[in-house]
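# Chain and residue survey
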Amino acid sequence: MEVFKDLKLKDGRMVGYLHLPDTVKITTEFDLEEHDDPGQPDFAGLISSAATWAGGLSASTIAALKKEIARELTDAAYGGSDYQPSESDYTDLETSLLIVRLCFYPDDGVVMVFQAKKEYPDMEIYCQLDGSYQMEDISVEKIN
């Protein structure tokens, strides 16, 4: 069974979509980074390893990631203030997090991109994950 659908070359990257557990279809991007003018066959290894990674991603893993992201961002937002975040501060962000894109890179690099329009309008949340779905890094950036 084909994991990624409608794969097409676009600006030196392979772009398509997949369905994740408990989500609508999301855009997937494959970027070989330093490869000049790649062709479709150049992406075969990256797409194969990405399919294995995506196949092991469960709804409970996604839920755990959302909880961790909400804690991390909420704690960072209130870190320098006297305000102590409440449980609803965490859960409000957690429930509004939507996965909008998955980006795959060589050497098992995976970035899951989220939006939370209410809490972070015009921003995207980039969550770098390792091969076992653990968060390695997180950043919030303005949408171009």
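Before reading on, note that the structure itself is shown above.
Anyway, here's the lowdown on the structure attached to this text.

Scoring rules and cut-offs
Residues numbered from 1 in each chain as written. Predicted model: local features only at pLDDT ≥ 70, side-chain atom pairs only at ≥ 80, totals over all residues. Heavy atoms only, no water. Helix = DSSP H or I, 4+ residues; strand = E, 2+ residues; numbered from the N terminus. Rg over C-alpha atoms; globule rule 2.2 N^0.38 Å. Contact = heavy atoms within 4.5 Å. Areas by Shrake-Rupley, 256 points an atom, 1.4 Å probe, with all protein chains shown as cover. Lys, Arg positive; Asp, Glu negative; His and termini not counted. Charge placed at Lys NZ, Arg CZ, Asp CG, Glu CD. Core = buried A, V, L, I, M, F, W, Y, C linked by side-chain atoms within 4.5 Å. Buried < 20%, exposed > 50% of the residue type's maximum accessible area, 1.4 Å probe, protein only. Polar contact = N/O pair within 3.5 Å; in protein donor to acceptor, adjacent residues only side chain to side chain. Expected span 1.5 Å × (residues − 1). Arc of directions from axis to C-beta. Pairing = 2+ DSSP bridges. Axes fitted to C-alpha atoms, helices over the stretch in contact; angles between N-to-C directions. Patch = residues over 30% accessible without salt bridge, like charges linked within 9 Å, V, L, I, M, F, W, Y side chains within 5 Å. Salt bridge = Lys/Arg side-chain N within 4 Å of Asp/Glu carboxyl O.

This part takes up the overall build of the protein. If you tally the helices and strands in the protein, you get three helices and seven strands. Across the protein, helices and strands are ordered from the amino to the carboxyl terminus as β-β-β-α-α-α-β-β-β-β. Over its C-alpha atoms the protein spans a radius of gyration of 16 Å, differing by no more than 12% from the 15 Å that the globule rule assigns to 144 residues. Viewed in the frame of its principal axes, the protein has a C-alpha envelope of about 55 × 30 × 25 Å. A sequence separation of at least 24 residues applies to 42% of the contacts in the protein between residues at least 6 apart. Carbon and sulfur atoms make up 48% of the accessible area of the protein, which amounts to about 8,400 Å² in all. In the protein, 12 positive and 28 negative side-chain charges are present, and the distance between their average locations comes to 9 Å.

Counting residues in hydrophobic clusters, the biggest one holds 35 residues, and the most contacted among them are Phe30, Trp53, Ile69, Leu102, Phe104, Met112 and Ile125. Those elements that place two or more of their residues in this core are strand E2 (13-19), strand E3 (25-30), helix H1 (44-55), helix H2 (59-78), strand E4 (98-105), strand E5 (109-115), strand E6 (123-129) and strand E7 (135-142). In this view, Met112 contacts Trp53, Leu57, Leu65, Ile99, Arg101, Leu102, Ile125, Tyr126, Cys127 and Leu129; residues no more than four positions away in its chain are not counted.

Another aspect to go through is the side chain of Thr28. You can see Thr28 is positioned in strand E3. The exposure class assigned to Thr28 is buried, which follows from its relative accessible area of 0%. Of the polar contacts made by the side chain of Thr28, one reaches the backbone nitrogen of Tyr17; its length is 3.5 Å. Leave out the neighbours within four places in its chain, and Thr28 touches Phe4, Met14, Val15, Gly16, Tyr17, Leu18, Leu102 and Phe104.

Quick look at H1 now. With 12 residues, H1 extends 16 Å between its outermost C-alpha atoms, agreeing within 8% with the 16 Å of an ideal straight helix rising 1.5 Å per residue. Restricting attention to buried positions, one finds in H1 the residues Leu46, Ile47, Ala50, Trp53 and Ala54. Looking straight down H1, one finds that the buried residues subtend no more than 120 degrees of arc, so they occupy a single side. Residues Gly45, Thr52 and Gly55 are exposed on H1 and point more than 90 degrees away from its buried face.

The next point concerns the sheet that holds E5. The strand order E1-E2-E3-E4-E5-E6-E7 describes an open sheet built from seven strands, whose pairing is mixed. Edge positions in the sheet fall to strand E1 (5-10) and E7, since each has one partner strand and no second. Between one strand and the next, the sheet's axes are offset by a mean angle of 20 degrees, whatever the strand orientation. Pairing of E2 with E3 involves six bridges; the strand directions are antiparallel. Opposite Leu18, over in E3, you have Ile26 as the bridge partner.

Judged by side-chain charge, Glu33, Glu34, Asp36, Asp37, Asp42, Asp107 and Asp108 come together as a negatively charged surface patch. On the secondary structure map, Asp108 appears in the loop between E4 and E5.

Before going further, it helps to examine the environment of Ser58. Counting through the fold element by element, Ser58 comes out in the loop between H1 and H2. Among the residues examined, Ser58 registers a relative accessible area of 26% and is labelled partly exposed. Linking Ser58 and Tyr83, residues 25 residues apart in sequence, is a C-alpha distance of 34 Å. Engagement of the side chain of Ser58 in a polar contact is seen with the side chain of Thr61, the distance being 2.9 Å.

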